[in-house]
Each structure stands twice: as C-alpha cells, then as structure tokens.
Amino acid sequence: MPGKHLSHASDEPCRRCKHNLSVLVVRSEPLCHDCFARYVHTKCIKRLESFRVHFGAEQPPRILVPLSFGVSSLTLLHILNRHLQTQKSKTGRTGFAISAVYIQDPGQDLPAEHWLEKARQQYPDHQYASLPLHEVFRLVPDDASLQALVPQLEHQGNASPQQRFAHLINSLSSATARADVLTTLRTRLIVEHAQRIGCESILWGDSTTRLAQRTLAETAKGRGFSLPWHISDGASPFGLHFHYPLRDVLKKELVSYTHMSEPGLAALVHETTPGVAQASMSSKNTTIDDLMKQYFESVEENFPSIVANVVRTTSKLEIRPGAAADPRCSLCSMPVPGGRFGIHAWGGDQQDGQDFTSSGRNNLCHGCTRSIPKPVVGCSGS
Amino acid sequence: MPPSPCALCKVNRALILRPKDHSKLCKTCFISVFETEIHHTITTNALFHRGEKVAIGASGGKDSTVLASVLKTLNERYDYSLDLILLSIDEGIKGYRDDSLETVKRNAEQYGMHLTILGYDELYGWTMDQVVEQVGKKGNCTYCGVFRRQALDRGASRLGVKHVVTGHNADDVAETVLMNLLRGDLPRLSRTTSIVTSTPSASADPASDTNIKRSKPLKYAYEKEIVLYAHHKKLDYFSTECIYSPEAFRGSARALIKNLERVRPSAILDVVRSGEDMAKLVPGSDEGCGGACSKGVSAAEEEEGEGGCGSAQGRSTGGEMASVEAQLRQNEAAVDGHLETEITTKTINGSGKQQEACAANGKKAKKGIVPKKSSKQVMGQCKRCGYLSSQEICKACVLLEGLNKARPRNHIEVGYEVQDVSLNSVRDELDATSIRRD
Ligand SMILES: [Zn+2]
Ligand SMILES: [Zn+2]
Ligand SMILES: [Zn+2]
Ligand SMILES: [Zn+2]
C-alpha cells in the first residue's frame, strides 16, 4: 500500500525548486519530497492565521484536536505539533496549546489507552484524553432533550449512560441512521469535552475530499439548512469556533504525506474502517456517507479541482442573520429556521401534519427526523 | 408472502409498495393519495388562479402525460376552473417526433384538451434538420439546446397563454441540486429549486415572452410513482429511453440520486428540501421571499438541459468534467500566483466569511470562480425578441443571426421575414417602454 499514491514514473525535475527529482505529481505539478511537504504545510498553516503568537497574551489559547487515528486527524496533529515547535524556536512562545481527544465508538476494538500512549510518545507536549461515546448522555448538560430520544427509558431515572446509548442505537432502523446518529453524538461529545477543558476552538482534520463528501451527504440527508455550520471556518452554533485547517488538502495528498513523512506518523495511523469505499453499493449496510465517500474518492482521482470547488462554493453559503436565536434541534443542536421541526412542516412532504408544533420536547430537524424512528403512539404518554 | 391489507383503507389487498416511503397500498388508495398530494402542492403554493389558461408542455412522455391526466382530474374534482391546453414543440427532425406527437394527439382527444403543435420552423424560421444541413452535425447541439429552452415560452406567448406547466418531477429537481453543487453553481442551484419560476412582472410588456410563468406541479412526485400512476391509470404515453447520454455532471448526479434512493427512499425529497433551504443561503439570493420578488430570473433557461436533443452526435461523456477541471486549475494557478497573500488575510481573520460573501455578491469573486456563468447576472430582455436574457441579444437570436446570414436569400424572405414581423413588434414595444423593470 505505501507508495501506491506516489506516481514516480517521471524523471522530471521538481516544478517548484527546479532542483530535486520529483517524487509525485500533485494536481499536475511534479514535486520533490521537500516541496511536497512544504505544499501540505503551507496549505494547513495559512489556515491558522488566528493562532499566531500573541505577545500580549498571558496564556496561549487552548485548541482541541479530535483524533480518529486516521490519516487526516493524525496529519493535522503532526503539522500542528511541528508548527508549535517552529513558533517556539522563533519566538520562544507558542500561539496555542493542544489538547487531543479520542472518542471510542461502541464495539470498537481499538485499545484507546494504548494508542493514545503511542501518540503521546510521538508528540509529548500535549494533553490527551479518551472518552467512550456513551458519555454524551452523562456530559451534555441540557441532556433532557437527548434523554427524550429514548422515551422508554425516560422514567427509569437510574438507566446508565451505556444503557441509554445502547437503547438509542438499537432503536435505529438503518445503517444510514446509525452512522448519522453516531456522527452527530460524537460531535456533541467532542464539543462538550472542548468546553469542559476550556478550549476556544476545535480544529477538525477534515480534508477537502471529506468536506465535499460531507456537503453532499448532509444535502442528501435533508440538512441543507445547516450546511454552512458544517463546513465553514468560524463561529459554530455551539459557541466555540470550528476550524478545518486541512480544507485545502485532498485526502489522497494526506495519504501520500503520511507515507513520505517521518515513520513515527505512519506508524500511528489506524484506519478503523478500511475498504468502506469498496463495499458493494447494493449492500443493505451501505450508508449515505459511504456512497459519498466512494463517489468523491473516485472524482478526486482525476478531477481534484472539482472536489475543491464543491467545498469552496459551499462555504460561500451564508449563515442567516439571526440564526443563532432560532430554536435548536434536540439531537444535532443546529438552529432550525423558524423552528420548523420535522418533515411535515415542509410543503414537499405534501401532508398537512403538524409535527413541528406538537411536542415541545422532541424537536428534531428534518435530517434528524429521518434518522430517529417515530415514537410508538401511546408509549410516550403518561 | 401472506397478502397484507392496504395501509390506508385496511380493506383491499395491498398491491403496491410505494416508492416514496415503502408503504403498502392498494391500487385505488395509491392513485388517490398520489393525486391528493399533487393537489396539496398546487394549493399550498397557490400555483393557479381561477379561470387561468394554462398550457401543459406536452412531449408525449410519461411525466407530461401524467401531469395532463392529473391536472384534468383535479381540475374537475376540486373545481379549479382552469382552461387547460396542450402545447407541443416539434424540433423538425425527420422521424424523431412522429411517435410522440401521435401520442400527444391521442392525449388531446382522451382528455378533451386543445392541442397546439408548434414547429421550430414557425418559432425560429428553421427546423433542426435545416440547421444541421447548414452548420453540420458537429455544432448543432448548441442550437438545439438554446432553441429548446425558449421554445415553450415562445410558443405560449404565441397562444396568449401566461402560464406553462412542465412535468419536472422530484428526481429531476434533486438531480439538478446535486449537479449544481458538483458544478459549484450556487446561483443556478437557487434558481432551479423554486416551484414557480419566471414570475411575471407587472410592468413588463404583456406581449413579451418574459411574462410567461413556469411551474412544476410534479416537483415533489417521485419518478417511480409517476410511472406507477401511468401504469395503473392505463395512460397512453410514449415510452422511450433517451439514447443520448447526459453530460457528465448531470450523469454523475443522476447516478448518485439512484443510489441514494436505494439506500434511503426518502433521500430524493430530502435533497429537494436541502436545495430549497440552501437557496435561501446563497449570497445575494432573493429566495428569502420565495422567489416572488425575483425580477425575471428564468429557470426555464437552465432546467431543460437534459438529453433528447435528437441529433446530439455522441457528446463525449466526461468531456465537460475535464474541461471544468482544466478551467478550475487555471483559476487556482492564478490565485496561487498572484493572490495568495490577499486571500490568506481575507479568509483567515474573523470576518472572513462576511468578506467572501461580499466578493461573491458584488464583482466577480476572485477565488472559486464559477465555470461558465459568473456569480450574479442581471437579467434583462433580449433587444430583438424580448426573451429573458442576460445579454443584450439572447443566445437564440445570436444563433439565428448567424444562421440567417448564411442562408440563401430567397429563404430569408419566406422563413425569417414572417418571423421577424412578430418579433419586431415586440421589440418596438420594448423600445417604447424600455425603462428597466426594477
Ligand atoms: Zn522541489
Ligand atoms: Zn438535527
Ligand atoms: Zn387501500
Ligand atoms: Zn432574442
């Protein structure tokens, strides 16, 4: 597998330094090892302007890097670590401090502590933590809304976070719904953790390719209304800031980078879902996320600029003024325009249903309504 | 499998697995719920007013045939009091429309609707066959596309009809949403998601084509359900697979929609909803008012980009993606070369989002240059024919001018002069009242 993405073939000199031999072709430009590394660094660092060294500041702001131990999040940690060292050697100070967090999915075989320890050895200057995903039921403070998603257990005040979590996941009827709800809960747990440890920003490892997947997947799930929140840098509806420093680097470029960088980085990579993209698309377990992943990984091969353009264009969508005051979705927490929850409030459903006003406690956006099964009538009553 | 009862009436045997939500229905309930939903769409969007004369763009295919049948049914059932007529366009390609036009003629009798068939020769002074003869097979796709986009509006205007309905369904709209995301074309995305386009403007010349309202009552209906409805109602339609491959972006989007539908049947509607919501977030969009205050933005202009041009000679699939890719790379190179610092400061600081939005809104944005069409166009009217156009002379008129210059003289007098009279009168009126609508 290593080397797969390095199309040597050419004996061409590097187009940038005109000195070394090129080792791969990046968007039709043959680059040498060093120039390629610089290319990736520059694309990432130029997104970090707001984390420059501030000499007036008492303490540098703390940022959270969610780690999945995939190529993208590790590369981000690697580059950030490097950037901090550069800042320190140049100025004696740093522009930010890093906390990393790993969220354990249920049934995940990855021994979290073991891998976090490996990361700590490789990048020792930072804080590390891991949390099981079900902790979201314990940590999220306005958890009443999340609790309402598991009505059967609502009256059992003593149900553990694990029980609530398992109950919710088991109630989901499709692979798409499970993947969707897991992603949403993961984001909420990460945000909650960031706030608890005093982070001002979350730096996500998403590549261009990943953001393009996200754009089409959220569109396909009926979350077009919240797209600007999902893929733009800046204030998030959660209060803290979201940044995507690798938004200008393609997934395949990150893969090449990890293979060419120091061995310590590649050794940390632990792709938890290998071959998802190869999964048969007729399979019952295929999710909308899988579909988009497969699609963009193929487009990325020959049309990288089209992938980049999808992301660039979508980030031009504007956040509506006053959006922050809109009522939030109980699950994904996104501001829902005019509080039009559910699917029946929308003309395209062609029903006169009133589900958006009916219940004050279970307010789900269009996308979340599709994933969460309808409560069984009579069960949610007294 | 034991027979299960219909989920709605609980009496009849369920024979239909509804594509939209997989509910099990009997034939009667399916037909009734399908019609009721279209009625819901019509009433909640106030698509029609009593006594309105409405032309159904009829091709003889399943979508427009179902549209005609459903509108006839609803018009009678709910007393819309509409004057429904059929309008078909004949491109003038020998043999191409014969069967479908025969179908439309039978439909006209079956539904008791008046039918008008207008040929390209009447609308433009040229049949497609003549165009091909003139320009050769290679370049004629341009003509066919441009002419087709305007044909229904021009035809309706001829008939004095102010409202044309087309058979665009939910699959078409969803496909267009994904296609425009892939092309990075937000303005077009926002235009094509509304159910009503080309809202008539009060101050515009009533005789002009600009004043044609376009709507798509089947916007939320699944293609599969349209086929089922046609089948169970035993409708007489002309079924033909389009033999021309769509251009790459549309083809890509179509494949994605089909796969999405397989994974989650509701996904088609979910994409449509996303598209509508995103339209409200497009910088400089007037979608905030549901498109009602839009000044003459013609979605018709772009939504009929589908195949069926009839003489497309093997458009190279992937060719369009490759050329967009090349264009984007050029732009990226330009950005990297000259604008690196400017963009860095622009997008990184706190108000980056704001500034980018402004750039997209005002003059052409420097980054993320949209291929082909630029961010926001000011729509006006073609000086020659009055059709909505972003240029002074619309594409059709430009093409016609080229054709007519090359045409032998005697032809001009027969074909073009006749055409020119009606166009001229429109133009004169326009000149007389050429205050820009605002
Ligand atoms: Zn070099
Ligand atoms: Zn939600
Ligand atoms: Zn029934
Ligand atoms: Zn014109």
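What counts, and at which threshold
Residues numbered from 1 in each chain as written. Chains lettered and ligands numbered in written order. Predicted model: local features only at pLDDT ≥ 70, side-chain atom pairs only at ≥ 80, totals over all residues. Heavy atoms only, no water. UniProt positions renumbered as here; feature names shortened; annotations may be inferred. Helix = DSSP H or I, 4+ residues; strand = E, 2+ residues; numbered from the N terminus. Buried < 20%, exposed > 50% of the residue type's maximum accessible area, 1.4 Å probe, protein only. Contact = heavy atoms within 4.5 Å. Areas by Shrake-Rupley, 256 points an atom, 1.4 Å probe, with all protein chains shown as cover. Expected span 1.5 Å × (residues − 1). Donors = N, O, S within 2.8 Å, 3.2 Å for Na, K, Ca; no water. Tetrahedral: all angles 85-135°; square planar, octahedral: opposite > 155°, others 65-115°. Axes fitted to C-alpha atoms, helices over the stretch in contact; angles between N-to-C directions. Parallel < 35°, antiparallel > 145°, perpendicular 65-115°, else oblique. Nonpolar A, V, L, I, M, F, W, Y, C, P; charged D, E, K, R; others polar. Core = buried A, V, L, I, M, F, W, Y, C linked by side-chain atoms within 4.5 Å. Buried area = accessible area lost by both parts, 1.4 Å probe. Salt bridge = Lys/Arg side-chain N within 4 Å of Asp/Glu carboxyl O. Polar contact = N/O pair within 3.5 Å; in protein donor to acceptor, adjacent residues only side chain to side chain. Pairing = 2+ DSSP bridges. Right-handed = clockwise from strand over helix to strand, strands pointing away. Phe/Tyr/Trp six-rings, centres within 6.5 Å; stacked < 30°, edge-to-face > 60°.

Named according to an unreviewed UniProt entry, chain B is Cytoplasmic tRNA 2-thiolation protein 1 originating from Decorospora gaudefroyi. Recorded under Pathway (unreviewed entry), the UniProt text for chain B is reproduced unchanged: "tRNA modification; 5-methoxycarbonylmethyl-2-thiouridine-tRNA biosynthesis." What UniProt records for chain B under Sequence similarities (unreviewed entry) is the sentence "Belongs to the TtcA family. CTU1/NCS6/ATPBD3 subfamily."

Looking at an unreviewed UniProt entry, one finds chain A named Cytoplasmic tRNA 2-thiolation protein 2, with Decorospora gaudefroyi as its source organism. Note on chain A: under the UniProt heading Subcellular location (unreviewed entry), the record states "Cytoplasm". In its Sequence similarities (unreviewed entry) section, the UniProt record describing chain A reads: "Belongs to the CTU2/NCS2 family."

Novice: Is there a simple way to explain the overall build of chain B in this structure?
Specialist: Helix and strand counts for chain B come out as 16 helices and ten strands. Residues classed as buried in chain B amount to 57% of the 438 residues present. Excluding contacts between residues fewer than 6 apart, the proportion of contacts in chain B whose partners are at least 24 apart in sequence is 74%. Working note: accessible area of chain B is about 18700 Å², and carbon and sulfur atoms make up 53% of it.

Novice: What exactly am I supposed to notice about helix H11 (residues 267–279) of chain B here?
Specialist: Given 3.6 residues per turn, any residue in an α-helix points the same way as the ones three and four places further on. Along its 13 residues, H11(B) runs 18 Å from first to last C-alpha, staying within 8% of the 18 Å computed at 1.5 Å per residue. Of all 13 residues in H11(B), 13 are buried; the element is thus mostly enclosed.

Novice: In this structure, what is going on with the coordination of the zinc ion (ligand 3)? I would like to understand it.
Specialist: Six octahedral donors at a metal ideally form angles of 90 or 180 degrees, and four tetrahedral donors ideally form angles of 109.5 degrees. All names here are of chain B. Donor atoms from the polypeptide that coordinate the zinc ion (ligand 3) comprise Cys-6 (SG), Cys-9 (SG), Cys-26 (SG) and Cys-29 (SG), at 2.2 to 2.3 Å from the metal. What the four donor atoms of the zinc ion (ligand 3) show is an angle range of 101 to 115° at the metal, which sorts the shape as tetrahedral. Spacing between the donor residues of the zinc ion (ligand 3) along the chain follows C-x2-C-x16-C-x2-C. Of this pair, Cys-6 sits in the segment before strand S1 (16–17) while Cys-29 sits in helix H1 (residues 27–44), and the two are 23 residues apart along the sequence. Cys-29 carries the same exposure label as Cys-6, and that label is buried.

Novice: What should I look at first to understand unusual backbone geometry in this one?
Specialist: A negative phi angle characterises most non-glycine residues, just as the trans form characterises most peptide bonds. Look at A:Phe69: it is not a glycine, yet its phi comes out positive at around 65°. Its location among the elements puts A:Phe69 in the loop between strand S3 (62–67) and helix H2 (71–91). Exposure remark for A:Phe69: the relative accessible area of 0% places this residue in the buried category. Of note, the phi angle at B:Ala46 is positive, near 45°, even though the residue is not glycine. Exposure remark for B:Ala46: the relative accessible area of 54% places this residue in the exposed category.

Novice: Is there a simple way to explain the packing of helix H8 (residues 208–220) of chain A against H11(B) in this structure?
Specialist: Packed helix pairs are specified by the crossing angle of their axes together with the interaxial distance, meaning the distance between the axes. Where H8(A) contacts H11(B), the two axes come as close as 7 Å, and the packing angle between them is 110°. Considered as vectors, H8(A) and H11(B) are oriented roughly perpendicular to each other. The residues of H11(B) that touch H8(A), namely those facing A:Glu218, A:Thr219 and A:Ala220, are B:Ala267, B:Asp270, B:Val271, B:Ser274 and B:Met278. Residues belonging to the contact of H8(A) with H11(B) are distributed by class as follows: four nonpolar, two polar and two charged.

Novice: For this particular structure, what's the right way to read the nonpolar core?
Specialist: When a protein is soluble and globular, its nonpolar side chains tend to lie buried together. In this structure, A:Leu331 and B:Leu260 are the most contacted members of the largest nonpolar core, which totals 133 residues. Ranked by size, the runner-up nonpolar core spans 43 residues in total, among them A:Phe51, A:Leu67, A:Val71 and A:Leu265.

Novice: Looking at this structure, how should I read the environment of B:Ser252?
Specialist: Note that B:Ser252 resides in helix H10 (residues 248–263). The class for B:Ser252 is buried, based on a relative accessible area of 15%. Contacts of B:Ser252, omitting those with residues within four sequence positions, involve A:Tyr295, B:Leu182 and B:Met321.

Novice: How should the interface of chain A and chain B be read in this particular structure?
Specialist: Think of interface size as the accessible area that goes away when the parts come together; that is how it is often given. Contacts between the two partners involve 60 residues from chain A and, on the opposite side, 54 residues from chain B. Taking both sides of the interface into account, the surface hidden between chain A and chain B amounts to around 5200 Å²; carbon and sulfur atoms contribute 60%. Ranking the residues of chain A by area buried against chain B places A:Lys316, A:Trp346 and A:Gln350 at the top, with a combined share of 16%. The interface formed by chain A and chain B includes two salt bridges. Here chain A is connected to chain B by 16 residue pairs in polar contact (both at pLDDT 80 or more). Those elements giving two or more residues to the side of chain A that touches chain B turn out to be helix H7 (175–196), H8, helix H9 (227–231), strand S7 (234–235), helix H12 (288–302), helix H13 (304–314) and helix H15 (366–371) of chain A. Residue composition of the side of chain A that touches chain B, by class: 21 nonpolar, 23 polar and 16 charged.

Novice: Looking at this structure, how should I read the sheet that holds strand S4 (residues 97–104) of chain A?
Specialist: Sheets are built from strands paired through backbone hydrogen bonds, the pairs being either parallel or antiparallel. All names here are of chain A. Pairing is mixed in the open sheet, where six strands are placed in the order S5-S4-S3-S6-S8-S7. Of all strands in the sheet, those with a lone pairing partner are strand S5 (127–132) and S7, marking the two edges. Across three bridges, strand S6 (residues 201–203) lies against strand S8 (residues 241–243) in parallel orientation. Each residue of the ladder has a partner; that of Ile-202, found in S8, is Phe-242. Against the sheet, helix H3 (residues 112–122) contacts S4 and S5, and its axis sits at roughly 165° relative to S5.

Novice: So what exactly am I meant to see when it comes to the pairing of strand S5 (residues 114–119) of chain B here?
Specialist: Two faces, one strand: in a regular strand the side chains alternate between the faces of the sheet. All names here are of chain B. Of the strand pairs in this sheet, strand S4 (residues 83–90) and S5 are connected by six bridges, and their pairing is parallel. Paired with Asp-90 across the strands is Gly-119, a residue of S5. Tracing the backbone out of S4, into helix H3 (residues 98–111) and back to the parallel element S5 gives a crossover that is right-handed.

Novice: Help me out: how do you make sense of the packing of aromatic side chains in this one?
Specialist: Two numbers describe a pair of aromatic rings. These are the distance of the centres and the angle of the planes. Residues and elements named next belong to chain B. For the coordinates displayed, the defined rule picks out 14 aromatic pairs over all chains. Ring geometry for Phe-48 against Tyr-80: centres 6.3 Å apart, planes inclined by 45°, an arrangement best described as tilted. Of this pair, Phe-48 sits in the loop between H1 and strand S3 (53–57) while Tyr-80 sits in the loop between helix H2 (62–77) and S4, placing them 32 residues apart in sequence. With a relative accessible area of 15%, Phe-48 lands in the buried category. Here Tyr-80 falls in the buried class, since its relative accessible area comes to 10%.

Novice: Sorry if this is basic, but what is going on with the pairing of S4(A) here?
Specialist: Residue and element names in this part refer to chain A. In terms of burial, S4 is largely enclosed, as seven of its eight residues are buried. With six bridges connecting them, S3 and S4 associate as parallel partners. Pairing of Arg-62 across the sheet is with Ala-97, part of S4. In this region the chain leaves S3, passes through H2 and returns to the parallel neighbour S4; the handedness of that crossover is right-handed.

Novice: I'm lost on H2(B) in this one. Help?
Specialist: All names here are of chain B. For H2, which comprises 16 residues, the first-to-last C-alpha distance of 22 Å matches the rise-based estimate of 22 Å (1.5 Å per residue) to within 8%. Most of H2 sits inside the fold, with 13 of its 16 residues counted as buried. A positive phi of about 50° marks Asp-79, the residue just after H2.

Novice: When you look at the sheet that holds S5(B) in this model, what are you seeing that I'm missing?
Specialist: All names here are of chain B. Across the sheet, six strands lie side by side as S5-S4-S3-S6-S8-S7; this open sheet has mixed pairing. Of all strands in the sheet, those bounded by a partner on one side alone are S5 and strand S7 (196–197). Taken together, the three bridges between strand S6 (residues 163–165) and strand S8 (residues 213–215) define a ladder with parallel strand orientation. By the bridge assignment for S8, His-163 is matched with Lys-213. Relative to S4, H3 is tilted by about 170°, and along the sheet it contacts S4 and S5.

Novice: In this structure, what is going on with the environment of A:Tyr128? I would like to understand it.
Specialist: Residues and elements named next belong to chain A. Assignment of secondary structure puts Tyr-128 in strand S5. Here the side chain of Tyr-128 touches Ala-119 through a polar contact of 3.5 Å, landing on its backbone oxygen. A polar atom in the side chain of Tyr-128 sits 2.8 Å from the backbone oxygen of Tyr-123.

Novice: Would you take a moment to explain the environment of B:Asp121 for this structure?
Specialist: All names here are of chain B. Within the secondary structure, Asp-121 sits in helix H4 (residues 120–124). Residues Asp-121 and Asp-90 lie 31 residues apart in sequence; the distance between their C-alpha atoms is 8.7 Å. Those residues in contact with Asp-121, other than ones at most four positions away along the chain, are Trp-126 and Thr-127.

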